[in-house]
Every structure is written in structure tokens, then in C-alpha cells.
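What follows is the residue order along each chain.
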Amino acid sequence: MCYYIKQLEERIVSCEIDLLSWSERMDLVAFSNIKGEVALHRLNWTRVWCLAPPKDGELVKALSWNPDGKLIAISYNSGLIILISIETKNIVNKLEVLGGINCMEWGSEKSGNNNVKITSKDNDQSGFMKYYDNSSTFLSDPEPLASSTSFGSNSSEVETIYTILNKQSQLNMLIIGTNDGCVYISIFGCFPLIKYDLREQLGFPCSVINIHISDDLNLLYATIINEFDVVQIIIIELGIFKSHSNETFSVCCKYEHINSIVNYLENAIIAIKETCETILLEMDSKLSNYASKVPPGTLSTDFLDVLVFGAVSDLMHQFLLEDLTKKGLEKFTQTIEMSYANIQKLLLKNVTKVAQNITYHLSELRGMARFKDRYEILGLNEDKITFAILKNGEFLTKSAEMQLVINSSMANHKIFFQWLYTVIMHVTDEPIPSEMSKMSLDDLAQISEFVLNFDNINGGNNSSNSTKTGFIMERIGQYLEDSDLKVPSGIESNEWNRFLDENECLRGLDTVLNHSKTNSLIQQYNLLKESINECFDDLKYSIVKRFVIKKIVEINAEINKDNLKNFKITSVSNGFDRVSLAYLPKNSSNQGFHFLELINTYKNNEIVEINEFNIYISSLMNHEIINLQFYTSNLLSLLLQESNQNRTGVITQISTSIIREKLNQSSLNKEIFWRNLETNPTLKATEGMIAADFAVSGSRKVSIVLSDNRRKVRIYEMEADEDDEEEAEITASSIKESDISMQEEENSD
């Protein structure tokens, strides 16, 4: 059947475009402009969203879609990489590399039966049960947190990547190449970056200008250029991603589950801290002001004199009537009770309950580590995971301790403020209600113990330079500082701790949690986070040490190094892979292109032979080749330009199967002519527009052409029927008329 190339849209944009990228899953095109902005448009050019750069002056270096089209990775010249949710425009994850980013690709496992999901309960080829995440059956989802101004993005705007991972069916990874010769790999775009330094492996400085990975994730093709402008293709066997694909998938999914919970806990703790700081601010400043006016060590004495003898000094009189006031104390009493309730709710529902989920996921991870024949190669260590489980138990213990302190503080503050209220009424000679004037000995002892701590806080810090003495909320606020507790809770005197003191031999058991008397909640969180990171640290090194350079292919022809991105890797059969590369020569005429093909032959999962073929196709109809891209594995799309004054652009496609028929080992670096390809290619002229660049998508059957001023785009359907072609000619004029209105809309946005 004969297809035609039909124009769908023509639009003018307000800013020059520099990069274009089609989604392989949806009719969406992403592009970046010279301001560093990234915009997402539909096929009819309806804007989905526009994303500003993280900082002024940052420019986009590469765009890459994840395999299911739910995320897009954007890399900037600063080395920052952000993963954006297509549906919500939210930042899902951030990565950062050293050195400028030259290229980026999101590769996915495509070998085997792609219809079988790894998250199903089917067995894999080794006969083992495939990974199946059923944590949602036993664990509830964390409750959403209120926005936090202290943590990069508030929790309502941050999407956890594991919600996207739950829909993944195959192992995939984001691969980055830098100008300092390093290759970085992030599994699922969420796992910490795995670094492979080609300079160290090759022994000379180089820059990675292009990077691709095979369908089975076994071979990585890194195109490098050295200091002498020699271009080479480095073929790296990754091995472990093919032999232990399911295991890698399982461990990395578990990592992201745990990492998401740890990040959630950090947000929850920050929310608690902000709540504490809010209720501390007014009362603490008033008490600090009073403490600065009395001699060091006498603050508690002043309050005890009022409590025991009823003696109110002039400073105390001024503090009660002018600084504190009766009305202010009533308001503060209500506020602090409400704030305590909010803190307890956050601690119970958003910290303790969620932290318990970590134990579940770590226990599953420890179960994986016990399958040493499958997971030991990935660096999983059972002892490290057990240690992390214990640290999580200690964190939960400290959270429970903080709950007890809150209960105690609520009782102390209630009786303390009630007493201060009666003192103010006594000083102002107001009648005191009988129910407020009656205080038991227990109440007096409770108030005495409470005010005695005032001089012990911060080492008796009563100087005028003190900005925060932490009086009222100190028993709680100290748990939210990265330092030792100043006022221990006293729960170490319970029966369980006395039992352990009498039986020291039990403290060293793995099943017994150590309770630190002096650590704050923040310190326990940091220990937990550090122990979890140690569980996965060995994974990066275990993977990268198994990378092996299998072959180096040198491209002898003078080429345009900026055009070495046109790779197409096809798994032809279980026996071999075909790698095709099309690139332009380094000359002004550009009336031909090079076509290089590598055939990788496997036997028992080992590469036994790599054959190289190279052909040059010239005399291309007196047209200059502007750019070329693989449309499918069997079709190569070319953007041409007429050599006359009109410089009209032309889109055409050539069958790589016909080219491949001309290839054999003896035809290395052979030149053939376009007319000898015996093909009648489909042509489409970009009338009225000088073309400068284009992007194609075989899966979506579309292309987009960019004009020479980089502010006009045309979208084409690549496989239209003949009737559609006639329709396109009729509607072309109406499309042009809408350009002006569209440009005005872009400027207004």
C-alpha cells in the first residue's frame, strides 16, 4: 500500500526552539527553547504545560521519555536532571552529575515475552517465582501532609516514583553521558547513579557524545570522541542486567518503596518542627525577655517565691501584667492545647504509623538477601539489613518516648498556666473562683518540678544575647534538634530497662532494641537513614565492577560529530543483535550519508563475534541532507534541502532493508549511489519554509519540522492515505491564518 506524508499543523512559537522529542506512547511532543523552558504539546498543538528552568540561565541539554510515557527526563547544563510527571507537571525525582551532560537515553528491557509482567506471580525463566509486590494488601497509604515551606517542595506537589513503578512491567534505566568521559546509570530514574568512568578504563581523556543500550540491556554503545577528534564506539557488556534482570528489578523497587517512606518521614518531622516553632514563638520570646533581666540561676527562684510565699517582685509584676497579660494567657492556653493535639496527630499518624512500614519492606529485602545464589551478586548483605531493622525499631521507640513526653507536658502546662492565671488575678485583686484556687499537694509538686527546670535549660542561658531559651516547649522541642537531649525523659527507669540493666548479656541480642537515653528524634532518624543507605551502597559497586568493554569500533570517516545520535538497535533473534548507525559526513555539501552496521552474534549468552559494515550513499538527487533519523528499524527518515535559491525542505524516507542488501564484509567503506538503491521514496516538500531540523516517531507515525529561524514548526502525518493528502492541501491555508492568533496566545502566556 502506498502512503503519503500529510501536513497536520503549522504554528509559530514566541521563542526559538533548540530540542524536539516525540513520546513513543502518546501523541505528545516536548521541546525546549533558548530560555531553558520545556513545553509539552499535543498533536493539534494544544499546550499541556510549560516548565520554567530551575534557575535563571540554565539551558536544556537533552530530553528523554521513559518507556511507558509517564515521565520525561530533562537535563540541564548545570548537571541537574529532573524527572517530570507528564500528567501533573510535578517533579518526581532529581539527579545530579559532575561534568556537562552531552546525551541521555531511557532504555528498557524488551527481550523475552513482553506481555508477561514482572509484577505477576508467574515464574521467570530460571524457575523462581517472579517478584510480586503485595505490600498494599497489608500496609495503608500514608496520609497527605500539609504543605511545608522548609522542604524543597511541599508534600502535596511531590509525587513518589514508586506509584509509577507499580505499573512498570520491565526493567528500565536512565543513562547519561558526560563531556568528561563518564557514563551514569540510574535504574528506573530513581536509584542512585551508578558511575562508569571510560577515561579510567580506556586510559585517555574523552567525551561521551552519544549513548544507546540494547533491547536486552546487555550491551551499552557509548560513542566517544578523544582529544584528537577521533570518534569511536565503545561496546560495553553490562551482563548483570541481563542475567539478573528480575533480581535487579525487585531490589530497586524495594529501594524506592523504602526511600519514599524515608523522605515522607523527613517531611512529617519538619511539619512537627514548624508546629512547635509556631507555638513557641510568642511565649518563648516573652520568657526570654524576662530571663534576660534577672541574675543567672534565679529564674526558677522567682517563680518558686510566688508559688510558696506569694511574693511577687517588681519585675515579675511587670511581666505578669504587661508582657503576659490575663487575656494573652487565655489565648495562649487554648493555642498550646490545640498545637499539642496537632503534634500528637502528626507523630502518631504520619511518623509512627508510616515508620512501621519500613520494617515490612526491610524484612522483605532481608528475605531476598537470604537467597544468596540470586541476590548476593547484587551486594545485598543480610547483616546490614538486620542492623537497619534495629535502627528503625530504635526510631519507633524514640517516637513512643516523645509521645509520653507530650502527654506529660500537656499536663504540666495546663496546671502551670492555670496557676499563672490565678497569680494574675491575685495581683489585680480580682476574685478567684473557688475551683481555681484549690490546688492539691500533687499540683504544687508538679508546678515546682516544672519551674525548677528553667535554670537548667541550655546551661542556664539567661543572657540578653539568648535568642531561644526553649522554656515552655523545651521538653518537646529538644527532640526535634540534631543534638543530645537537654532534659532526659526519665522513662529509662521502667521495669524493662531495669531488667536489661540486671541482665547485660541480653542487650547484645539482635531481637532486643537499644534505647538511647540522650538521642533526639532527629538523631535517631539520621541513624536510620544512614543504615538504610548502607544496605544499598554495595549494589552500585557490585553492578559496575561487572561491566566489561567487549570491543572498540573506530569510525575513520570525517563525520559531523553532532549527528551521531541516530542509533537503531534491533534484536533480530535470540542469536544476534543488529546495531545500525546513520551519520552525516563532515563537509559542506552533505549530499550523502554513512550507514554503519554491527552484528553481534551470541552463543550461550556470550558475544562470540562482532562484525562491522560501513557504506556511503552519495549523489542524493542534488539535495543537501540537513538531518536524518531512524523512523523504524527498517526506515530511515531524511530531511533534505534543495540546492537552489529557494532552499525548500523535503522529507523523505529510505528503506534500510535495501541498503542492508548491499552490505557485506567486502563492502566496508564502499560508496554506492542513491539511484542504485532501486527505490521510489515518498517525498514531501516543506513549501514556503526553509527547514533546519526535524524529529520523527515511527510508533506515532508523525514528524515535526523546525524552520531555519527556529520559531516555526510543522507537524506531518507520515502514513496518510491519498484522500487525506488532498484534504491537507485544502486546509493548509486555514492553518496559516491561525499562526498570528497562536503567536499572540503564546506571548500572552
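Counting starts from 1 at the beginning of each chain's written sequence and moves along it residue by residue. Residue-level local features of this predicted model are given only where pLDDT is at least 70; pairs of side-chain atoms are given and counted only at 80 or more, and the full residue set underlies all totals for whole chains, interfaces and linings. The basis for the side-chain values is all heavy atoms of the structure; hydrogens and waters are excluded.

### What about the sheet that holds strand β24 (residues 649-655)?
Definition in use: In this scheme, strands are said to pair when DSSP sees at least two bridges between them. Segments assigned H or I by DSSP are reported as helices when at least four residues long, segments assigned E as strands when at least two residues long, and all are numbered from the N terminus. Lines fitted to the C-alpha atoms define the axes, with helices restricted to the stretch that makes contact. Angles between their N-to-C directions range from 0 to 180 degrees.
The strand order across the open sheet formed by 4 strands is β22-β23-β24-β26, and the pairing between neighbours is antiparallel. The sheet is open, and its two edges are formed by β22 (623-632) and β26 (683-686), each paired on a single side. Within the sheet, the average angular offset between the axes of one strand and its neighbour, ignoring direction, is 25 degrees. Pairing of β24 with β26, which is carried by 4 bridges, proceeds in the antiparallel orientation. If you follow Val650 over to β26, its bridge partner there is Ala685.

### Overview of the pairing of β22
How we decide: Between buried and exposed lies partly exposed: a residue is buried under 20% and exposed over 50% of the maximum accessible area for its type, with that area taken using a 1.4 Å probe on protein chains only.
Burial analysis of β22 places 7 of its 10 residues in the buried class, which makes it a mostly covered element. By the bridge criterion, 8 bridges tie β22 to strand β23 (residues 635-642) in an arrangement that is antiparallel. Note that in β23 the partner of Leu628 across the bridge is Leu638. Adjacent in sequence and paired antiparallel, β22 and β23 are bridged by 2 residues.

### Some details on the packing of helix α7 (residues 314-324) against helix α10 (residues 382-427)
Put simply, the test is: These descriptions rest on fixed angle ranges, namely under 35 degrees for roughly parallel, over 145 for roughly antiparallel, 65 to 115 for roughly perpendicular, and the rest for oblique. Contacts are residue-level and defined by heavy atoms, with any inter-residue pair within 4.5 Å sufficient. In this count, Pro and Cys sit with the nonpolar residues alongside Ala, Val, Leu, Ile, Met, Phe, Trp and Tyr, while Asp, Glu, Lys and Arg are called charged and the others, Gly among them, polar.
At a minimum axis separation of 10 Å, α7 and α10 run at an interaxial angle of 100 degrees. As summarised for this structure, α7 and α10 are arranged roughly perpendicular, according to the angle between their axes. Residues His317, Leu320, Leu321 and Leu324 of α7 form the contact with α10, whose own contacting residues are Leu420, Val423, Ile424 and Val427. Within the contact of α7 with α10, the residues separate by chemical class into 7 nonpolar, 1 polar and no charged.

### Regarding the state of the cysteines
Using the following cut-off: Two cysteine sulfur atoms make up a disulfide if the distance between them is within 2.5 Å.
Under the criterion given, the structure shown has 0 disulfides. Of all cysteine sulfurs in the structure, the one in Cys206 sits closest to Cys182, which takes part in no disulfide; the separation is 8.3 Å. Residue class for Cys182 comes out buried when judged on its relative accessible area of 0%.

### Remarks on unusual backbone geometry
The residue Lys89 is not glycine, and still its phi comes out positive at about 65 degrees. Positive phi, normally seen in glycine, also occurs at Arg710, with a value near 60 degrees. On the secondary structure map, Arg710 appears in the loop between β28 (702-707) and β29 (712-720).

### Overview of the pairing of strand β5 (residues 47-51)
As paired elements, strand β4 (residues 38-42) and β5 share 4 bridges and run antiparallel to each other. Counted as the bridge partner of Leu40 is Trp49 from β5. Between the end of β4 and the start of β5, which pair antiparallel, lie 4 residues, with Trp45 showing a positive phi angle near 70 degrees.

### Some details on the packing of α10 against helix α15 (residues 521-544)
The condition that has to hold: For a crossing to be left-handed, the near helix must be turned anticlockwise from the far one by less than a right angle; the clockwise case is right-handed.
Viewed as axis vectors pointing N to C, α10 and α15 meet at an angle of 165 degrees, and their least axial separation amounts to 9 Å. By the angle between their directions, the pair α10 and α15 is classed as roughly antiparallel. Taken as a pair, α10 and α15 cross one another with a handedness that is left-handed. Residues Lys384, Ile385, Phe387, Ala388, Lys391, Asn392, Glu394, Phe395, Lys398, Ser399 and Met402 of α10 lie in contact with α15, whose contacting residues are Leu521, Gln524, Tyr525, Leu527, Leu528, Ser531, Ile532, Glu534, Cys535 and Asp538.

### Here we look at the packing of aromatic side chains
Here is the rule: Here a pair means two rings of Phe, Tyr or Trp (six-membered ring of Trp) with centres within 6.5 Å. Their orientation is stacked below 30 degrees between planes, edge-to-face above 60, and tilted elsewhere.
Under the counting rule described, the total for this entry stands at 12 aromatic pairs. Arranged with centres 5.6 Å apart and planes meeting at 0 degrees, the rings of Phe31 and Trp45 form a pair that is stacked. Of this pair, Phe31 sits in strand β3 (residues 28-33) while Trp45 is found in the loop between β4 and β5, placing the two residues 14 residues apart along the sequence. Residues Phe31 and Trp45 agree in their burial class; the two are buried.

### What about the environment of Arg710?
Assessed through its relative accessible area of 23%, Arg710 is described here as partly exposed. On a C-alpha basis, the gap between Arg710 and Val13 in space is 8.6 Å, while along the polypeptide they are 697 residues apart. Once you skip the residues sitting within four places of it in the chain, Arg710 turns out to touch Val13, Cys15, Glu16, Ile17, Asp18, Ala692 and Asp693.

### What to know about the sheet that holds strand β9 (residues 91-96)
The 4 strands are arranged β6-β7-β8-β9 in an open sheet whose pairing can be described as antiparallel. Looking at the sheet topology across the chains shown, the edges are occupied by β6 (60-65) and β9. Sheet twist, expressed as the average angle between the axes of neighbouring strands with direction ignored, equals 20 degrees. Where β6 lies against strand β7 (residues 71-76), 5 bridges are found, and the strand directions are antiparallel. Looking at β7, one finds that Leu63 is bridged to Ile74.

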